[in-house]
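# Summary of structural features
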Amino acid sequence: MKTLHLPLQRADVDALVLGDMVMVSGPVTMSIGLPTHQRMVDLLDAGRPLPVDMNNGAFFHLSCFNQEREDGTGHDALYLNPTTSTRYNAYMPRLIEACGLRLVGGKAGLDQASAEAMRRQGCVYLSFLGGGCTLLSRAIERVVSVHWTEYISQFRLLTLELRALGPGTVAIDAHGNSLYDQLRLQAQQRLDQMRQER
Amino acid sequence: MAITSEQIACLIADLYEWSLKAIPPDTRAALAGLASRESSVTGRKTLRVMLQSADTARRTGGLVCSDIGIPTYSVRIGTQVRFDGPVRQAIVEGFARMVARSDPPILQAVTNPLTLVRGHAGKDMPIVSFDVIDNADYLEISCAPKALGTGRWEALTTFVYPTLQQMEDYVLDTVMLSGSQACPPIVVGVGIGGTFDHAARIAKDAVLRPFGQQNPEPILDAMEQRLLRTINQLGFGPMGTGGDSTAMAVHINYAASHGFVPVAVSLNCWINRRTQARLYGDGRVERIE
């Protein structure tokens, strides 16, 4: 299976096709906090930098248990797992373009406004396995940085060095195509047809 | 002999922990069956990763999913059971004990809806329903942690003199809304009739029914088959990235009602968390699932 090594260039993600399964290695930033997303957008609106540079990088909706070591020498990440990305639809178009993201992900996808932002930016959405906690957590190498530690663990802005996270399924590509939109439309058409035929 | 608070607290903690670290055997078998029949390449691969994930968690004692949900228990009390000590307090203590000892530690999921403050405890937590079993000499406890992935899509509406078709359409519309988002293949539990609260309760009972039990009501047996067939023709597939494995099962309960008929739809994701055990007066624990 192909492994995407971060950071990535536009050509790297342009080549990815819906349904491709890939692994991801390198520094990945994550959070599942709505307040975290709001804070990121507020900083961008104020023209101030985010605490992490994600240009050509990845921002995933992964829920991670992380904690400070008792001896105060840093943080450890115990496990991670994706959550439903659609909760963050309102924030993602801004973050995708302003942060220069090449990969976003989690599970269940993003809306059309995000897909359009991804097309403009050159970015794909990866679907990871919900209920993949122990399997996916094998990719954790080390904690790179933890910001906003006043939040609960999974809401912090966390960057981990990962090795072969995945598999992730390319579910929204860098050309505006969304598997989720296609499948939802197909399902509605099939349901309408079944209802007409009964 | 009487069942003690300590015995209840121990079982409450164990049931939750068991539910977090493995999927039910019938669910694993259902997923393996789907993997052998799935026509989509992506869907087939995703189902295999699901099996790998569940097996890895079981083998290593890790969590299947990091969203450990909020605690919900169903307690059925045999009428021959005697208690030595408080029961509800033991349930609260048992869940707190599981939180304190959990390895790995669990994330804070219990959320105050008024302040959005999160923790491991909160008002009415754990959510417990009680019922009785006539003449039984045991306490039967089921645990079904409820997480965000499916919890946000469960729904209830109240009809007046509905047709079977109207009720089926409501179930299908609810599944359509959850679409790719509820970590399919899902289990769909439906409660028809009774009152507002009772319909939700029997829908939850339905979603937790083990696979392979035929519905004793022929009308509902046929409805379950129709709905399962239709849902699996929608194409959402495993994790909602395409395929014909969108649901593992549809289970329907009903109760007599008035001219108004509540219909509740409960959903479980592919890991289908449910554990159940019986606790006897001599302290013996019989694990059902």
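Before going into details, it helps to say that this report is about the structure given with it. Note that the structure is predicted; figures quoted are calculated from it, not measured.

### Focus on the overall build of chain B
Secondary structure summary: chain B contains eight helices and 13 strands in total. Taking 19 Å as the expected radius of gyration for a compact globule of 289 residues, we find that chain B reaches 19 Å, a close match to that expectation. Buried positions account for 49% of the 289 residues belonging to chain B. Nonlocal contacts in chain B, meaning residues at least 24 apart in sequence, comprise 80% of its contacts between residues at least 6 apart.

### Topic: the packing of helix α2 (residues 25–37) of chain B against helix α3 (residues 41–60) of chain B
All names here are of chain B. At their nearest, the axes of α2 and α3 sit 9 Å apart, and the two run at 155 degrees to each other. When the interaxial angle is binned, α2 and α3 end up roughly antiparallel. Where α2 crosses over α3, the handedness of that crossing is left-handed. Taking contact as the criterion, the partners of R28, L31, A32, L34 and A35 in α2 are, on α3, R44, L47, R48, M50, L51 and A54.

### Regarding the environment of D111 of chain A
In this structure, D111 of chain A sits in the loop between β6 (103–106) and α4 (112–121). Dropping the residues within four chain positions of it, D111 of chain A is found in contact with T86 and N89 of chain A.

### Points about the nonpolar core
Residues and elements named next belong to chain B. Counting residues in hydrophobic clusters, the biggest one holds 134 residues, and the most contacted among them are I12 and V188. Each of two domains, domain 1 (3–22 + 64–147 + 273–287) and domain 2 (148–268), supplies a minimum of three residues to this core. Those residues within four positions of V188 in sequence are excluded, and the remaining contacts are V171, V175, L227, A247, V250, V265 and L267.

### Examining helix α2 (residues 34–45) of chain A
Residues and elements named next belong to chain A. For α2, built from twelve residues, the straight-helix expectation of 16 Å at 1.5 Å per residue is met to within 8% by its first-to-last C-alpha distance of 16 Å. Burial in α2 covers these residues: T36, H37 and M40. Taken end-on, α2 shows its buried residues confined to a sector of 100 degrees, consistent with a single buried face. For α2, the exposed residues set more than 90 degrees away from the buried face come down to D42 and D45. In this fold, the buried residues of α2 make contact with α3 (92–99) and β9 (157–172). Looking one or two places after α2, you find G47, whose phi comes out positive at around 75 degrees.

### Thoughts on the sheet that holds strand β11 (residues 260–268) of chain B
All names here are of chain B. The strand order across the open sheet built from four strands is β8-β11-β9-β10, with neighbouring strands paired in mixed fashion. The open sheet has two free edges, formed respectively by β8 (155–160) and β10 (247–255), since each of these has just one partner strand. Pairs of neighbouring strands in the sheet enclose a mean axial angle of 15 degrees, with direction left out of account. Alignment of strand β9 (residues 186–193) against β10, held across eight bridges, turns out to be parallel.

Reading the values: rules and limits
Residues numbered from 1 in each chain as written. Chains lettered and ligands numbered in written order. Predicted model: local features only at pLDDT ≥ 70, side-chain atom pairs only at ≥ 80, totals over all residues. Helix = DSSP H or I, 4+ residues; strand = E, 2+ residues; numbered from the N terminus. Rg over C-alpha atoms; globule rule 2.2 N^0.38 Å. Buried ≥ 20, exposed ≤ 12 C-beta atoms within 10 Å, placed from the backbone. Contact = placed C-beta atoms within 7 Å. Axes fitted to C-alpha atoms, helices over the stretch in contact; angles between N-to-C directions. Parallel < 35°, antiparallel > 145°, perpendicular 65-115°, else oblique. Left-handed = near helix turned anticlockwise from the far one by under 90°. Core = buried A, V, L, I, M, F, W, Y, C linked by C-beta atoms within 7 Å. Domains from an automatic or database assignment. Expected span 1.5 Å × (residues − 1). Arc of directions from axis to C-beta. Pairing = 2+ DSSP bridges.

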